[in-house]
Amino acid sequence: MSHLSHVYMRGTPFEARALDDVSFTIEDGAFVGVIGHTGSGKSTLITHLNALLRPEEGRVIINGIDTAAENADLKTVRRTVGLVFQYPEYQLFEETVKRDVAFGPKNLGVTGDALEKQVENAMALVGLDPALGEKSPFELSGGQKRRVAIAGVLAMEPQVMVLDEPAAGLDPAGRADMLNLVKKLHQAGKTVVMVSHSMEDVGRMCQRLIVLNHGKIAFDDTPANVFSHPRELEEMGLDVPQSVKLAIRLREKGFDIPQDVTSVAALAEALLGQLGKAGDANA
Amino acid sequence: MSSIISIQNVSFSYEEAEDSAVKGVSLEVEKGEFLAILGRNGSGKSTLAKLLNALILPTDGAISVDGISPTDEDSRYEIRTRCGMVFQNPDNQIVSTIVEEDCAFGLENMGVAPQEIRRRVDEALARVGMAEYALSSPHMLSGGQKQRVAIAGVVAMRPKIIVFDESTAMLDPVGRRDVFSLARKLNREEGITIVWITHFMEEAVQADRVAVMDAGRLVMQGAPREVFSHEAEIRAMGLDVPEMTQLAGILRGAGVNLPADIMTCDEMAVELCRLK
């Protein structure tokens, strides 16, 4: 993506520049977190990734296809990049789970055994019991419905999965399950782009963070490097994880905490290295 | 301290369901308290919230809100004016196309005189920090701002209690912080009793008291510090503990001598410096 800008409602009193000269490259197999407060341009950005929006200024190139080109093969772009919106369960509509999951690949022209297979694989990947296939998606729990919606995107066998806040609105157990699923997708070889409001989640899971602020890229770096700017993040209405906050405090007090600590588990490990003795002595 | 809400052995079953959504719950909410209710999806939290607002009536047991039992239409109506409710989805609560009209909706239904509505709406919008948006269209607002408008609509009815049913679940961190601190402000400065249903542990930590629901029952209640120190039980119910409590758990497990009830970064920093 190079020099992408996007203006909503151009020429009206509501004109708003949602993206302003955004450039980055995502490598095959990466796990990228996109963060930014509401209105920072996250949604506009990800809708460019599968050509639902096409660049007005700048270029978006997906697997070599320039989505702004007049004769661009958008079907291939959309097959390459699967987009899961926020609260995707609101978009379920078919009579059975299977038919809902099959809707995408069917539209791409997949039929017969191949279709059957793709639907089966997608359901297995998101952990849906095949027995649910003939049920109405509306009889399922919230977390299961969301899995059906994600399976519907996976069934098109995209190389890249873009998920907009996949864990939003779920309870803690549901969140953990959903995030494990996202991790699994990455392990299964998908390139993953995850929009999130949870610094804890992206700090723990992603290899790289893109931070958007007022439509511009504020940071594009490893979580550890991004979180080393707590003041700037706060000014953008963002935060750093509690574990990073504590690590900063402890370094000031003379603890030796590596810079790349961005999760509770990593912090615990770093602390145990130097606390072991003191703790034992007191125990 | 006196109770403003009294729930005695209350059960509730939805018509089509085999199992009760709420089972034999007894709970007193003190006047002026900030009570957080935790529990996984389906634990009965929202059903309990609807019972407090007399949107549904107990199948069994007794409930009283500010001294009123929901025995007939009039008393239920009275309960709803004293106990306001803010829901999860900001978009489902907006009924009008102009912020101040939306905010006046409840008062109009109550038959309050126009000048009085004007006064209360202006005051309520000012209190939630949305006065400058009085003439805006709600759909141009952020989720957090919409929730503040919804709260203004409730505040304008001058309730003694406000029940928030996961009102921050769909908001971004800034919106979440805004709405939560607004609830705290209404609690501290106006003495409004708050029942705060949430999945966010960092919010529950700041409540006066936490009640935990599981499978329709009230299974734990106490000061946040007390409740979160039972990490294993909390996790077994599909809930989380605050990150610092988690860290304390791992370190304690490895033999580090730390208190079990650490909840914040400050507390953890102090304890670790003591050990170093």
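Just so we're clear, the structure is a prediction, and the values are computed from it rather than from any experiment. (Residues numbered from 1 in each chain as written. Chains lettered and ligands numbered in written order. Predicted model: local features only at pLDDT ≥ 70, side-chain atom pairs only at ≥ 80, totals over all residues.)

Trainee: What is the right way to look at the overall build of chain A in this model?
Mentor: Across its full length, chain A holds eleven helices and eleven strands. Whereas a compact globule of 283 residues would reach a radius of gyration of roughly 19 Å, chain A reaches 21 Å, a difference of no more than 12%. Taking the principal axes of its C-alpha atoms as reference, chain A extends roughly 70 × 50 × 35 Å. Buried residues in chain A amount to 46% of all 283 residues. (Helix = DSSP H or I, 4+ residues; strand = E, 2+ residues; numbered from the N terminus. Rg over C-alpha atoms; globule rule 2.2 N^0.38 Å. Buried ≥ 20, exposed ≤ 12 C-beta atoms within 10 Å, placed from the backbone.)

Trainee: I'm lost on the overall build of chain B in this one. Help?
Mentor: Of regular secondary structure, chain B possesses eleven helices and nine strands. The C-alpha radius of gyration computed for chain B amounts to 20 Å, which stays within 12% of the reference 19 Å derived for 276 residues, consistent with globular compactness. Dimensions of chain B along its principal axes, counting C-alpha atoms only, are 65 × 45 × 35 Å. Per-residue burial over chain B gives 49% buried out of 276 residues. Counting contacts in chain B only where the partners sit at least 6 residues apart, residues at least 24 apart contribute 64% of the total. (Contact = placed C-beta atoms within 7 Å.)

Trainee: Could you clarify how one ought to interpret the packing of helix α3 (residues 97–107) of chain A against helix α5 (residues 142–154) of chain A in this entry?
Mentor: In a pair of packed helices, the angle between the axes and the distance between the axes together describe the arrangement. Residue and element names in this part refer to chain A. Contact geometry of α3 with α5 gives a least axis separation of 6 Å together with a crossing angle of 35°. Between α3 and α5 lies a crossing whose hand is right-handed. Residues V97, D100, V101, F103 and G104 of α3 pack against V148, A151, G152 and V153 of α5. Looking at the contact of α3 with α5 residue by residue, the classes come out as six nonpolar, two polar and one charged. (Axes fitted to C-alpha atoms, helices over the stretch in contact; angles between N-to-C directions. Left-handed = near helix turned anticlockwise from the far one by under 90°. Nonpolar A, V, L, I, M, F, W, Y, C, P; charged D, E, K, R; others polar.)

Trainee: For this particular structure, what's the right way to read the interface of chain B and chain A?
Mentor: The accessible area lost on association of the parts is a frequent measure of interface size. Listed by partner, the interface residues are 31 residues for chain B and 34 residues for chain A. Elements that contribute at least two residues to the side of chain B that touches chain A include exactly α6 (173–190), α10 (243–253) and α11 (265–275) of chain B. Among the residues forming the side of chain B that touches chain A, the class breakdown is 17 nonpolar, nine polar and five charged.

Trainee: Help me understand the environment of D261 of chain B, please; the structure alone is not making it clear to me.
Mentor: Residues and elements named next belong to chain B. Following the sequence through the fold, D261 ends up in the loop between α10 and α11. Classification of D261 by C-beta neighbours within 10 Å gives partly exposed; the count is 16. Along the backbone, D261 and T245 are 16 residues apart, and their C-alpha atoms lie at a distance of 6.8 Å. Excluding residues that lie within four positions of it along the chain, D261 makes contacts with R225 and S229.

Trainee: Can you walk me through the confidence of the model for chain B in this structure?
Mentor: Caution is warranted with low-pLDDT regions, since their predicted coordinates should not be read in detail. Taken over all residues, the pLDDT of chain B has a mean of 93, while the share at 70 or more is 100%. Scored by ipTM, the complex comes to 0.79, with pTM at 0.86. (pLDDT = per-residue confidence, 0-100.)

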